[in-house]
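Reading the structure
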Amino acid sequence: MPVITSIADLKRLHKRRTPKMFYDYAESGSYTEQTFRENTEDFAQIRLNQRVAVDMTGRSTKSTMLGQEVAMPVALAPVGLTGMQRADGEIKANRAAGKFGVPFTLSTMSICSIEDVAENSDAPFWFQIYTLTDDDYNKKVLARAKAAGCSALVITVDLQLLGQRHKDLKNGLTAPPKFTLPVLMDLATKWRWGIEMLQTKRRFFGNIVGHVESAADPASLSSWTAEKFDQSLNWDRIKQLMDMWGGKVILKGILTPEDAEMAAATGADAIVVSNHGGRQLDGALSSIRVLPSIVSAVGDKTEVWLDSGIRSGQDVLKALALGAKGVMIGRAYVNGLGAMGEQGVTKALEVIQKELDTSMALCGERRIDALGRHNVLLPKDFLDNYT
Ligand SMILES: Cc1cc2nc3c(=O)[nH]c(=O)nc-3n(C[C@H](O)[C@H](O)[C@H](O)COP(=O)(O)O)c2cc1C
């Protein structure tokens, strides 16, 4: 068993053990990937404020998200095709998250269905939907999520159409993969992945295949979804979807104070400051750079969380210090899953929690809710470099 000390270690193993098509799907951003890169580069610009001779005993990373107790304020973000990174990936990720004490979010575009995850893991989870036009489908899928005990709904508001990722087009991404010569040659070196995949029946989009009539070709479901994305989306429609659910709602994909105000006015229980991990509008600012302006606009009206670019416990600390009440991680846990399955997701969470705990201690903090602007140092022009 390799010694894993960072998310970067898991990412290396993920790359080695997973078909190129799916690794590339995770590790890419849209167009030039500028926003994808800056999400992590901007975290690296922020420095931590060391304090000494402060009692660091009795520390805890515990907190709450939407009133739910969590081992640390880090939720697993919705990630499509997780069950292609590793067989039964969504079930494995939810098991790891449940045992660790953090929430898992199941994507509409998952391989394992809502029912698969509910029946095969004890932990309750959140469900994510896109803003689709098909209300027949929306109502049915939300009823299924309710029946499975999902306690909150994440509505992703930054995907009215799909940002272009060059690698996915070049790799001919499908789920399951089509067996072209390059794919077969790649699979020859990823035998563990192949054996596990042969042992599961979950290889298609489980929340869609069998639940919609027009989805005859399971592999090209992305085109089905693309047709159903609501390009005429507005805030009234978002409110309609929230009412259709009738429970706790998290709006994910907010990047400006203006949109945050609109989101808070809908009565959302939380918003996620997010650029979809750099997968939608290339050229948009990193989430961490816009976070403070959004916290000052709506931080007293709704819970403000952040995702995009978190690769360490120090990144979590930086986001919390700049006002986020919690964060979501995408690739950091997918790297763990692709590297070592359920054990790898647990490892990713352990790495992040240990880094968060140690860095909090060295910053002189013992509680999550005590973190604040005093814990970080920003370059002079960090917040107002772009006008
Ligand atoms: C491979 C991949 C697939 C994703 N699929 C979805 C999805 O199905 N629904 C969604 O709302 N967001 C999706 N996202 C965005 C994540 O929820 C999250 O916003 C993003 O991963 C955060 O950035 P990070 O990966 O740098 O942590 C996806 C992200 C990745 C990397």
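The rules behind the values
Residues numbered from 1 in each chain as written. Predicted model: local features only at pLDDT ≥ 70, side-chain atom pairs only at ≥ 80, totals over all residues. Pairing = 2+ DSSP bridges. Helix = DSSP H or I, 4+ residues; strand = E, 2+ residues; numbered from the N terminus. Contact = placed C-beta atoms within 7 Å. Axes fitted to C-alpha atoms, helices over the stretch in contact; angles between N-to-C directions. Buried ≥ 20, exposed ≤ 12 C-beta atoms within 10 Å, placed from the backbone. Right-handed = clockwise from strand over helix to strand, strands pointing away. Near = placed C-beta within 6 Å. Nonpolar A, V, L, I, M, F, W, Y, C, P; charged D, E, K, R; others polar. Expected span 1.5 Å × (residues − 1).

Re the sheet that holds strand S4 (residues 74-76)
Here 8 strands make up an open sheet; going across it, the order is S4-S11-S10-S9-S8-S7-S6-S5 and the pairing parallel. Every interior strand has two partners, whereas the edge strands, S4 and strand S5 (105-106), have only one. In the sheet, S4 pairs with strand S11 (residues 326-329) via 3 bridges, with the strands oriented parallel. Bridge assignment links Val-74 to a residue of S11, and that residue is Val-327. Contacts from helix H13 (residues 257-265) reach strand S8 (248-254) and strand S9 (270-273), with the element oriented near 170 degrees to S8.

Considerations on the environment of Ser-293
Secondary-structure assignment places Ser-293 in helix H14 (residues 287-298). Residue Ser-293 is classed as partly exposed on the basis of its 16 C-beta neighbours within 10 Å. Between the C-alpha atoms of Ser-293 and Leu-255, which are 38 residues apart in sequence, the distance is 9.6 Å.

Quick notes on the pairing of strand S7 (residues 152-156)
With respect to burial, S7 is a largely interior element, 5 of its 5 residues being buried. The two faces of S7 match: Ala-152, Val-154 and Thr-156 on one face and Leu-153 and Ile-155 on the other face are all buried. With 4 bridges joining them, strand S6 (residues 126-130) and S7 adopt parallel strand pairing. Following the sheet pairing, Ile-129 is matched in S7 by Ile-155. In the classification by handedness, the crossover that spans S6, the intervening helix H7 (residues 135-147) and the parallel S7 is right-handed. In terms of strand pairing, S7 meets S8 through 5 bridges, oriented parallel. Paired with Val-154 across the strands is Ile-250, a residue of S8.

What about the site of the ligand?
The environment of the ligand is made up of 24 residues, and the closest members are Ala-77, Gly-80, Ser-107, Gly-277 and Gly-330. Within the shell around the ligand, the residues separate by chemical class into 9 nonpolar, 11 polar and 4 charged.

Observations concerning the environment of Leu-106
Mapping Leu-106 onto the fold places it in strand S5. Take Leu-106: there are 30 C-beta atoms within 10 Å of it, and that puts it in the buried class. When the C-alpha atoms of Leu-106 and Gln-128 are compared, they prove to be 6.0 Å apart, with 22 residues separating the residues in sequence. Filtering out sequence-adjacent residues up to four positions away, Leu-106 remains in contact with Pro-78, Glu-90, Ile-114, Val-117, Phe-125, Phe-127 and Gln-128.

Brief notes about the environment of Pro-73
For Pro-73, the location among the structural elements is in the loop between strand S3 (68-70) and S4. Residue class for Pro-73 comes out buried when judged on the 26 C-beta atoms lying within 10 Å of it. Separated by 253 residues in sequence, Pro-73 and Gly-326 place their C-alpha atoms 4.7 Å apart. With near-sequence residues (within four places) excluded, Pro-73 lies in contact with Ser-63, Met-65, Leu-320, Lys-325, Gly-326, Val-327 and Ile-368.

Regarding unusual backbone geometry
Among all residues except glycine, the phi angle is most often negative; among peptide bonds, the trans geometry is most common. Pro-176 follows Ala-175 through a cis peptide bond whose omega is 0 degrees. Residue placement: Pro-176 occurs in the loop between helix H8 (166-171) and helix H9 (181-187). Of note, Tyr-31 is a non-glycine position whose phi angle comes to about 40 degrees, a positive value. Mapping Tyr-31 onto the fold places it in the loop between helix H2 (20-26) and helix H3 (34-45). Of the residues examined, Tyr-31 has 15 C-beta atoms within 10 Å and is grouped as partly exposed. Even without being a glycine, Ser-308 presents a positive backbone phi close to 100 degrees. With respect to the secondary-structure elements, Ser-308 resides in the loop between strand S10 (303-306) and helix H15 (313-321).

Describing the pairing of S9
Neither face of S9 is left uncovered, since the one carrying Ala-270 and Val-272 and the one carrying Ile-271 and Val-273 both have all their residues buried. Note that S8 and S9 share 4 bridges and pair parallel. Note that in S9 the partner of Lys-252 across the bridge is Val-272. Once you follow S8 into H13 and on to S9, the crossover reads as right-handed. Examined bridge by bridge, S9 and S10 share 4 bridges and lie parallel to one another. Residue pairing for S10: Ala-270 is matched across the bridge by Glu-303. Where the polypeptide runs from S9 across H14 and back to S10, its parallel neighbour, the crossover connection is right-handed.

Notes on helix H5 (residues 89-100)
Over its 12 residues, H5 runs 16 Å from end to end, which matches the ideal 16 Å to within 8%, given 1.5 Å per residue. Extensive coverage of H5 is indicated by the burial of 10 of its 12 residues. Among the residues making up H5, those that are buried are Gly-89, Glu-90, Ile-91, Lys-92, Ala-93, Asn-94, Arg-95, Ala-96, Ala-97 and Phe-100. Contacts made by the buried residues of H5 are with S4, helix H4 (82-85), S5, helix H6 (114-120) and helix H16 (331-362). Of the residues trailing H5, Gly-101 is marked for its positive phi of about 95 degrees.

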